[in-house]
Amino acid sequence: MEHEAIIGGFKCLYWLVKHEIAHHTNYPALLDLADLLGCEYFSKLRIDQRTNYRSHKIVDDMLQILAEVVDEPISAAIKTSKAVGLEIDESTDISVLKQLDIHVRYTDKEGQLFCQFLDLVSIPDGMARTIAEAVKEVIIEKGIPQDRIYGLGTDGAAVMTGKHNGTAKLLADTWPGLVTVHCAAHRLALACKDAADGVPYMKTFRKHLQDLYLYFRNSANRTSALKAAASVLQVAALKEVKDTRWLSQEKAISNLQRNLPAVLATLAEEADLKKDPVARGLYTYCATYRFVAAVHLQADILPHLARLSKLFQKENVNFMAIKNHVPVTIETLRQIKAAGDKQPEGSFLAQVNEKVNNLNIDAEEERVRRDRGQPTSTGRFWTKFQNEVMDPYIDRLVEHLELRFQQVSILGAFNALGPPGPQADEGQAISDLKMLAKQFQVIQEMPLLHEWQSFKVLVTTGILKDKSQLEIMKAMTSQYDELHQLYPNLSLLSAIALTIPVASVNCERDFSAMNRIKTDLRNRLQGKSLTACMKISINGPPVSKFNFSRALELFFAQPRRIACTDASCQLCRKSEDPERNCK
C-alpha cells in the first residue's frame, strides 16, 4: 500500500508536469481529488501532522527523480552513439534571464536518428566565451564523449558564428573537426526577406499587409463590419496577415486572396461613410491592379517556400533536405517566371485579370492614364507588373536561395556516401572523401578510399542497390549489421552525416515549451526545476509508458520516513541503520 501510494503520487506529479500545469500548487489538490475518488492508499502518505509528502521540498525531490528517470535511457544511448551533434541557441525568459538551450542528435545501435532536449543553462550574458564554456560544462557533466561531437547547429548570429571569437570557433578549438552549420530555416527566411527588400514594391507590400491586419484587429467594430461583408459575399473572415521568419504568412495570403472583395468593400465603407483617413489610404493602395496581382503572385509562390520551410523545421532533418528539395523549389520559381502571362490553368496568377474585372476597381495606373488621355487595358497593366514586380522579385528569390544554399561546404561532400547518379563523377567523389578525411582527423585517407572502391560496387550491384542515400547511411551506421565492421571509416562518416544538424529549430521548440511552462504566474521557476519540467514535457513518454518502478527505486535510495510493513522489502530497508526510516 505504501509503495502504491508513492507510485500514485509520482503519477499525479508526472501528469501535471507532462501537461505543463503548475505542479507545486496543483499536486496536493490532485492528491485530495484522487482520495475522494476512492484511492484509499494515498492515506499512507500521511505519516503524522507534519509529514504528508505534499510539501514543496518533497515535490521538488520527486520532480528531480522523474527527470532522472527520463534522462537515464537517453544518456545511455548518447554514450553508445558513434557521432553526436548539438543544436544551441540562447533566449530570454519571462524573468528576463538569459537561457542557453542545448539540443542533442545521436544514433542508436540500429542506426536510427534521435533528437532530444539535453539541458537548459542560465548564463549571465550572451557573450561567445560564456556560451562556449556553458556548453562544455554540460557535455562534461553528462559524460558525453567529447571526441564524438562532430556537428553544431546555430541560428547564424554573429556571436555564434564569428570567424575569430565566435562560439563555434571556441568550441572547434576544443573539439577538432567540428562542423558548424547555419540553420537552414533561418537561411530560407533571410533569403525571402532579402528578395522582398530588393524590390521596392514588394517591400512596401509586406508593410501594407501588416497595416491591413492591424487596422481590423485593433477595432471590434471594423472586425464586425468585415465579418458581415464576408458573410454577404460567402467567404471566410480575414485571418492574420503577419510576416514572420517561418513564412507563416502563406495561410494569411491565401485567406486574403479569397477574402479580397470583403476587405475592399469594408475599407470603402469605412472611408466613404466614416471618413476614416487610414481606411482611405489602405483602400487607395489595395484597390489597384498591382496589389491584386501581387497578392496572387504571393499565393502562387509562398506555398512552395512554406513547404520548404516546413521541411527544414522537421525534428530529424538532415543535409539531404537541402540537396534534394532546394533545387526543386528554385526550378519551380523559374517556371513561374518563364510562364509570364500564360500561367497554367489553376494557378492564382492566371486569375488576376478576371479577379480585377470582378472587383471593378479603378486601378491607380488607369486613373493616371485617363488623366493623360491614354488608352488603358489590363494587358498593359500586366506587362508593367511583370517587368517591375514579378520578374525582379522571382529573380532575387532564386539568386538569394542559390547564394545561401549552394555553398554548403563540407555537407556537399557527404554526397559520396549515396548511390551514384546518372552522370556520376568518380573524381569528384574521391575529392569529397579526401575533404572529409581532412576534416575529421580520426578517419585515415587511404583506408577510406580503399573502402569506397568496394562500397561503390555494393551500392550499384550489391545488397545496397536501389536504396536511397538515407537508407544506405542508416544501414552503414547500424551496429547490428556487419557493414559497420567491414567499412569502419564509411560507417563513421555515415553516422556523422546523420547527426550534423542543418537547422536549430529544435531549440526554438524548446524555448516555446519554456515559455509555456515558465509564465507570468510561475516566474520564479528556474534552475534545475525548470530544466526538469522541460525534460519531462519534451522528452518524457506518456504516463502509461513511464517507468514508475525505477522512480520508486530512486525514491528509496534516500532515507524516507515512509516504509511498508513487509520486513523483507529490499526497497524500504536497503540500509541496516535502524534510524533510516525515522528520518
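As the structure is a computational prediction, the values presented were derived from the model and not from experiment.

(A) Local environment of the overall build of the protein. The helix and strand tally for the protein stands at 24 helices and five strands. Expressed as a percentage of its 583 residues, the buried residues of the protein come to 51%. Considering only residue pairs separated by 6 or more positions, the protein has 71% of its internal contacts joining residues 24 or more positions apart.

(B) Quick look at the sheet that holds strand E2 (residues 98-107). The mixed open sheet is built from five strands, whose spatial order is E3-E2-E1-E4-E5. The open sheet has two edge strands with one neighbour each: strand E3 (113-122) and strand E5 (179-182). Taken pair by pair, the neighbouring strands of this sheet meet at an average axis angle of 25 degrees, ignoring direction. With respect to the sheet, helix H3 (residues 56-80) is in contact with strand E1 (84-92), E2 and E3, its orientation differing from that of E2 by roughly 60 degrees. Relative to E3, helix H4 (residues 128-142) is tilted by about 120 degrees, and along the sheet it contacts E1, E2, E3 and strand E4 (149-154).

(C) Layout of helix H7 (residues 184-197). If you check H7, its first and last C-alpha atoms are 20 Å apart, about what 14 residues at 1.5 Å a residue would give, namely 20 Å. With 10 of its 14 residues buried, H7 lies for the most part within the structure. Looking only at H7, the buried set comprises Ala184, Ala185, His186, Arg187, Leu188, Ala189, Ala191, Cys192, Ala195 and Ala196.

(D) Quick look at the confidence of the model for the protein. Taken residue by residue, the protein gives an average pLDDT of 85. The fraction at 70 or more is 89%. Low pLDDT, under 50, characterises residues 241-246; the predicted model gives this stretch 21 contacts beyond four residues in sequence or across chains. Here residues 575-583 is modelled with pLDDT under 50, and outside its nearest four sequence neighbours on either side it reaches 18 contacts, counting other chains as well.

(E) Representation of the environment of alanine 563 within the structure. With respect to the element layout, alanine 563 can be found in the segment after helix H24 (548-555). Judged by its relative accessible area of 22%, alanine 563 is partly exposed. With 516 residues separating them in the primary sequence, alanine 563 and isoleucine 47 have C-alpha atoms 9.8 Å apart.

(F) Examining unusual backbone geometry more closely. Of note, the phi angle at lysine 275 is positive, near 55 degrees, even though the residue is not glycine. Structurally, lysine 275 is set in the loop between helix H10 (249-273) and helix H11 (277-286). Overall, lysine 275 belongs to the exposed group, its relative accessible area being 64%.

(G) Examining the pattern of salt bridges more closely. Following the criterion strictly, the structure yields 22 salt bridges and no others. Across the salt bridge formed by lysine 136 and glutamate 133, the nearest N and O atoms sit 3.3 Å from each other. Taken together, the positions of lysine 136 and glutamate 133, both in helix H4 and three residues apart, correspond to about one turn of that helix. Take glutamate 133: its relative accessible area is 36%, and that puts it in the partly exposed class. Between lysine 342 and aspartate 341 there is a salt bridge, with its nearest N and O atoms 3.9 Å apart. Three or more residues joined by partner-sharing salt bridges are found here, namely Asp71, Lys142 and Lys535.

(H) Region of the structure containing the side chain of aspartate 71. Position of aspartate 71 among the secondary structure elements: in helix H3. Here aspartate 71 is in contact with Lys142 and Lys535, once residues within four sequence places are set aside.

(I) Structural view of the nonpolar core. Counting residues in each nonpolar core, the largest one holds 108 residues, and the members touching the most others are Phe205, Phe291, Phe312, Phe414 and Phe440. Tallying contributions element by element places helix H12 (residues 289-312) first for this core, with 14 residues. The contact partners of phenylalanine 312, leaving out residues within four places of it in the chain, are Ala184, Ala185, Leu188, Val317, Ala321, Ile322, Val326, Phe405, Ala503 and Val505. Counting 43 residues, the second largest nonpolar core, distinct from the first, contains Leu66, Val69, Leu530 and Ile562.

(J) Summary view of the pairing of E2. Of all 10 residues in E2, nine are buried, a share of seventy percent or more. With nine bridges joining them, E1 and E2 adopt antiparallel strand pairing. Its bridge partner being in E2, isoleucine 88 is matched across the sheet by isoleucine 102. Connecting the antiparallel pair E1 and E2 is a turn made up of five residues, with valine 96 showing a positive phi of about 60 degrees. Relative to E3, E2 runs antiparallel, the two sharing nine bridges. When the sheet's bridge partners are listed, leucine 100 is paired in E3 with valine 121. What sits between the antiparallel neighbours E2 and E3 is a turn of five residues, in which glycine 111 has the positive phi angle 85 degrees.

(K) Structural context of the packing of aromatic side chains. One pass over the structure, following the stated rule, counts 16 aromatic pairs. Centre to centre, the rings of tyrosine 289 and phenylalanine 381 are 5.6 Å apart; their planes meet at 50 degrees, and the pair counts as tilted. Here phenylalanine 381 lies in helix H16 (residues 378-405) and tyrosine 289 lies in helix H12, a separation of 92 residues in the sequence. Note on phenylalanine 312 and phenylalanine 405: the rings are 5.6 Å apart at their centroids and 20 degrees apart in plane angle, and the pair reads as stacked. Note that phenylalanine 312 is positioned in helix H12 and phenylalanine 405 in helix H16, a separation of 93 residues in sequence. Taking relative accessible area as the criterion, phenylalanine 405 reaches 3% and is therefore assigned buried.

Conventions adopted
- Residues numbered from 1 in each chain as written.
- Predicted model: local features only at pLDDT ≥ 70, side-chain atom pairs only at ≥ 80, totals over all residues.
- Heavy atoms only, no water.
- Helix = DSSP H or I, 4+ residues; strand = E, 2+ residues; numbered from the N terminus.
- Buried < 20%, exposed > 50% of the residue type's maximum accessible area, 1.4 Å probe, protein only.
- Contact = heavy atoms within 4.5 Å.
- Pairing = 2+ DSSP bridges.
- Axes fitted to C-alpha atoms, helices over the stretch in contact; angles between N-to-C directions.
- Expected span 1.5 Å × (residues − 1).
- pLDDT = per-residue confidence, 0-100.
- Salt bridge = Lys/Arg side-chain N within 4 Å of Asp/Glu carboxyl O.
- Core = buried A, V, L, I, M, F, W, Y, C linked by side-chain atoms within 4.5 Å.
- Phe/Tyr/Trp six-rings, centres within 6.5 Å; stacked < 30°, edge-to-face > 60°.

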